[in-house]
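Topology and contacts: notes
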Amino acid sequence: MDLWGKNRDRVEARIGKVNAQKAEMEQTRQLLASSVARLYWEWQTQNAMGHVLAAIKQEQGNIIGADRELYEKGITSSVEGVETDINSSKTDEHLAEVNGRMKTIEARLQALTHASSIALKPHALPTVEASLPATLGYELLARRPDLQEAHWYIEASLSEVDAAKAAYYPDVNLMAFLQQDALHLSDLFRSSAQQMGVTAGLTLPIFDSGRLNANLDIAQAQSNLSVANYNKAVIDAVNQVEHAASEVETLMHKNQQQQHVEADAARVVALAQARFNAGIIAGSRVSEAKIPALQEQIAGLALKGQYVDATLQLTAALGGGYHQS
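Residues numbered from 1 in each chain as written. Predicted model: local features only at pLDDT ≥ 70, side-chain atom pairs only at ≥ 80, totals over all residues. Heavy atoms only, no water.

Scanning all chains against the criterion turns up ten salt bridges. Across the pair Glu 160 and Lys 17 runs a salt bridge whose closest N-O atoms are separated by 2.8 Å. Here Glu 160 is found in helix H3 (residues 145–166), whereas its partner Lys 17 is found in helix H1 (residues 6–72), with 143 residues between them in sequence. What makes Glu 160 partly exposed here is its relative accessible area of 24%. A salt bridge links Arg 144 to Asp 146, with the nearest nitrogen and oxygen atoms 2.8 Å apart. Residue classification places Arg 144 among the buried residues on the basis of a relative accessible area of 5%. (Salt bridge = Lys/Arg side-chain N within 4 Å of Asp/Glu carboxyl O. Helix = DSSP H or I, 4+ residues; strand = E, 2+ residues; numbered from the N terminus. Buried < 20%, exposed > 50% of the residue type's maximum accessible area, 1.4 Å probe, protein only.)

In structure tokens:
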């Protein structure tokens, strides 16, 4: 007989803790998913940069070939092509760095996903948006599983406080029993040997007030701590969203400016190509014009990769679409 709801409050407290643990599990799953997504797009960024570096290497090879041909004909000295040779060696170093990063990312992805092997396919990086979504608001923070976890711990602590308060009231415990009683073994399972009854026990908490006071103080302190943890979690969540949103917005503007730079570099290449087609300049001059444009493409890919990573962090800061069932 739960006269004062003490047992009910204890059950609700247990349910609150179970829900908090479910939210904690979801938080762990989202952290893992976010890490895998960020590594995946970092690999795509490095892969795209590797292709552009390979194109730069090809253009540098064209220049080196033209310089060697001029040297062999006695038109130029061997010193004039040294700078191009050095730049080509630096490109090889950058390519080795990119390949090393990609292998490291594959190893980390393999460890996170427990996959026996990783076989990633190239994929174009997402388009950079012009502005943040208009519906971006702090009400989305309710999707964060860590805030749901803190919320359920508050609910559990409040139920524990109610249970501790209900313990002050007298408690009546009714116990029923059913037994067999016979003098002879042959009579043991006859209906006449069956006995049943109900006994009642009365608990008077007035004789145990010290322990009850201590339990209530502990429950109230735990509830206050749960509220404080929730408030701190909300503040941390707001700061994370503000930082991530600011980073995304900054990278949007940087990508827009980089697109203008790449467009200007592309016009220089087009002009050099037109002059080559008209027979005004040699083909090596076109390669010389292409290399800065390709280098700007690498800078643009790096910025776009940073933008993708920042958007993933913003998605994680907003809870990643999690909803408490």
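With respect to the helices and strands, the residue Ser 287 is situated in helix H5 (residues 283–317). The class for Ser 287 is buried, based on a relative accessible area of 5%. The contacts of Ser 287, once residues within four sequence positions are left out, are Glu 59, Asn 62 and Ile 63. (Contact = heavy atoms within 4.5 Å.)

Following the sequence through the fold, Trp 41 ends up in helix H1. For Trp 41, a relative accessible area of 17% gives the class buried. Residues Trp 41 and Asp 309 lie 268 residues apart in sequence; the distance between their C-alpha atoms is 7.4 Å. Residues in contact with Trp 41, not counting those within four places in the same chain, are His 123, Ala 124, Leu 125, Pro 126, Val 308 and Leu 312.

What you tend to see is this: most non-glycine residues have negative phi, and most peptide bonds are trans. A positive phi angle, close to 55 degrees, is found at His 114, a residue other than glycine. When you line up the elements, His 114 lands in the loop between helix H2 (82–113) and H3.

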